[in-house]
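Report on the structure
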2 protein chains.
Amino acid sequence: MNEHIKPDQCQIQEALGTLVGKWKPIILLYLMKEGTQRFSELKREIPEITQKMLTKQLRELEAEGIVAREVYPEVPPKVEYSITEYGRDLQPILEAMHEWGEKHAQYKKENA
Amino acid sequence: MNEHIKPDQCQIQEALGTLVGKWKPIILLYLMKEGTQRFSELKREIPEITQKMLTKQLRELEAEGIVAREVYPEVPPKVEYSITEYGRDLQPILEAMHEWGEKHAQYKKENA
DNA sequence: CCCATAGGTATCATTGATGATACTACCTTA
DNA sequence: TAAGGTAGTATCATCAATGATACCTATGGG
């Protein structure tokens, strides 16, 4: 373990706080895989999410600088979301978690 | 992004579910850094946690196969916790999150 | 005889995250 | 004239996570 990690003030919570939530990882994956998406596209791809939650999660990700929000002043409204360059830094972490998650799901099946 | 990641059934939640909680990362870091620890040692190192929560988190980590629990039939009781070999797989992920977390804390300070 | 110790459980209260549902603005098309 | 589409907000209800507090066990030491 990296010597300078001080558990009592470590920054893992920072990353977790950004990623957790029932919907954030899946939203991020869609934006990373498919690129820029409209609000309604995301809603269609994740039908179980309520509008309220989708809005909330996107706003939080935006506040963290991970997602960019662009509003087109049209009628009907058009709002596009995309991953920022800064947000791309999360990709390796998400991938590592995905990989570990698969192994772990397997592990749990074996020890069920 | 890895092509075979299907957001709608991805395993990131699996990893997140294992790591989140107000106390799990810090518990894992202590066990990874300091090695085997007694219940009371962990409690001393994380004074703000209640016994109930410490017990609960440790039991959950044990159930996931990440932490090993060894009971010594003595009086007063002695119980030791350690990271399993399997649990070691999480170390790179925790480190990556820690690193990103530091950058992100910096980022937030600059954009405050 | 009584208390401290280690590692817990049991019970209740509180809080934050999530969900269901209804409502809005504005323009275009039928 | 009414309906439909987009991107939301507002309000209320519910549930899981966390916390505070008290209690339990057995034994060795004073």
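How each quantity is defined
Each chain has its residues counted from 1, following the order in which its sequence is written. Chains carry letters from A onward and ligands carry numbers from 1 onward, assigned in written order. Side-chain atom pairs in this predicted model are given and counted only at pLDDT of 80 or more, local residue features only at pLDDT of at least 70, and totals for whole chains, interfaces and linings cover all residues. With hydrogens and water stripped out, all remaining heavy atoms of the structure feed into the side-chain values. Strands are runs of DSSP state E lasting at least 2 residues, helices are runs of H or I lasting at least 4, and numbering of each runs from the N terminus. Pairs of residues are marked as contacts when any of their non-hydrogen atoms sit within 4.5 Å. Two N or O atoms form a polar contact when they lie within 3.5 Å of each other; inside protein one atom must be a possible hydrogen donor and the other a possible acceptor, and for residues adjacent in sequence the pair counts only when both atoms belong to side chains. Only protein chains enter the accessibility calculation, which uses a 1.4 Å probe; a residue whose area is less than 20% of its type maximum is buried, one above 50% is exposed, and one in between is partly exposed. A least-squares superposition brings the copies together, and it is based on the C-alpha atoms of residues with pLDDT no lower than 70 in both. If DSSP finds at least two bridges between two strands, the strands pair. Simply put, the buried area is the total loss of 1.4 Å probe accessible area from both parts when two parts are fitted together. Just to be clear on terms, a salt bridge is a Lys or Arg side-chain nitrogen sitting within 4 Å of an Asp or Glu carboxyl oxygen. Here, proximity means that at least one heavy atom of the residue falls within 4 Å of the molecule or strand. UniProt positions are given in the numbering used here, feature names are shortened, and annotations may be inferred rather than shown by experiment. Amino acid classes used here: Ala, Val, Leu, Ile, Met, Phe, Trp, Tyr, Cys and Pro are nonpolar; Asp, Glu, Lys and Arg are charged; the rest, including Gly, are polar. Side-chain rings of Phe, Tyr and Trp (the six-membered ring for Trp) are treated as a pair once their centres are within 6.5 Å; stacked means planes under 30 degrees apart, edge-to-face means over 60, and tilted covers the remaining angles. In this scheme, Lys NZ or Arg CZ marks a charge over a ring once it lies within 6 Å of the ring centre and within 35 degrees of the ring normal.

All names here are of chain A. Within the secondary structure, E80 is located in strand β3 (residues 78–83). Taking the C-alpha atoms as reference points, E80 and E41, 39 residues apart in sequence, are found 9.5 Å from one another. When neighbours within four sequence positions are excluded, E80 is seen to be in contact with T36, Q37, R38, A68, R69, E70 and Y72. Side-chain polar atoms of E80 contact the side chain of Y72, separated by 3.0 Å.

The next subject is the environment of Y81 of chain A. All names here are of chain A. With respect to the helices, strands and loops of the structure, Y81 is situated in strand β3. Owing to a relative accessible area of 2%, Y81 belongs among the buried residues under this scheme. When residues no more than four places from it in sequence are discounted, the contact partners of Y81 are L31, G35, T36, Q37, F39, L42, L58, R59, V67, A68 and R69. A polar atom in the side chain of Y81 sits 3.2 Å from the side chain of R69.

Mapping chain A onto chain B calls for a rotation angle of 180° and an axial translation of 0.0 Å; the resulting RMSD is 0.1 Å. Interpreted geometrically, this transformation is the action of a two-fold axis. Closest approach to the rotation axis among the C-alpha atoms of chain A is made by I93 of chain A, whose C-alpha sits 3.4 Å away. In this assembly the copies share their binding face: 100% of the residues contributing to the interface of chain A also contribute to that of chain B.

So, on to the pairing of strand β3 (residues 78–83) of chain B. All names here are of chain B. As paired elements, strand β1 (residues 37–38) and β3 share 2 bridges and run antiparallel to each other. The residue of β3 that forms the bridge with R38 is E80. Hairpin connection between strand β2 (residues 67–72) and β3: a loop of 5 residues separates the two successive antiparallel strands.

Let us look at the interface of chain A and chain B. The partner chain B presents 46 residues to the 46 residues of chain A that form the contact. Both sides together, the interface formed by chain A and chain B hides about 4600 Å², and carbon and sulfur atoms give 70% of it. The partner of K108 of chain B in a salt bridge is E64 of chain A, and the shortest N-O contact between them spans 3.9 Å. The tally of links between chain A and chain B comes to 12 residue pairs in polar contact (both at pLDDT 80 or more). Counting only elements with at least two residues in the side of chain A that touches chain B, the list comes to α1 (12–19), α2 (24–34) and α6 (91–110) of chain A. Here the side of chain A that touches chain B takes 15 residues from α6 of chain A, the largest share from any one element.

Moving on, we get to the protein's contact with DNA strand C. Neighbouring DNA strand C are 21 residues; K22 and K52 of chain A together with Q51, R69 and Y81 of chain B lie closest to it. In DNA strand C, atoms within 4 Å of the protein come from the sugar-phosphate backbone in 65% of cases. At 2.8 Å from a phosphate oxygen of DNA strand C is found a side-chain nitrogen or oxygen belonging to S40 of chain B. V79 of chain B is positioned such that a nitrogen or oxygen atom in its backbone is 3.0 Å from a phosphate oxygen of DNA strand C.

Within this numbering scheme, the UniProt entry marks residues 10–109 of chain A as carrying the feature "domain: HTH hxlR-type" (unreviewed entry). Helix makes up 62% of residues 10–109 of chain A and strand 14%, whereas the separation of the span's terminal C-alpha atoms amounts to 32 Å.

If you check the shell around DNA strand D, you find 21 residues, and the closest are Q51, R69 and P77 of chain A together with K22 and K52 of chain B. At 3.0 Å, a side-chain N or O of R38 of chain A approaches a phosphate oxygen of DNA strand D. The side chain of W23 of chain B places a nitrogen or oxygen atom 3.0 Å from a phosphate oxygen of DNA strand D. Contributions of two or more residues to the surface near DNA strand D are made by α3 (39–45), α4 (51–63) and β3 of chain A together with α4 (51–63) of chain B. Per-element tally for the surface near DNA strand D: the top contributor is α4 of chain A, with 4 residues. Grouping the constituent residues of the surface near DNA strand D by class yields 8 nonpolar, 6 polar and 7 charged.

Looking now at the packing of aromatic side chains. All chains considered together, the criterion is met by 4 aromatic pairs over all chains. When the ring of Y86 of chain A is compared with that of Y107 of chain B, the centres are 4.2 Å apart and the planes differ by 10°; the resulting orientation is stacked. Pair noted here: Y86 of chain A is in helix α5 (residues 85–88) and Y107 of chain B is in helix α6 (residues 91–110), and the two residues belong to different chains. Residue classification places Y107 of chain B among the partly exposed residues on the basis of a relative accessible area of 23%. An aromatic cluster of at least three residues, connected via ring pairs, comprises Y86 of chain A together with W100 and Y107 of chain B. If you follow K78 of chain A out to its NZ or CZ, it ends over the ring of Y72 of chain A, 4.8 Å from the centre.

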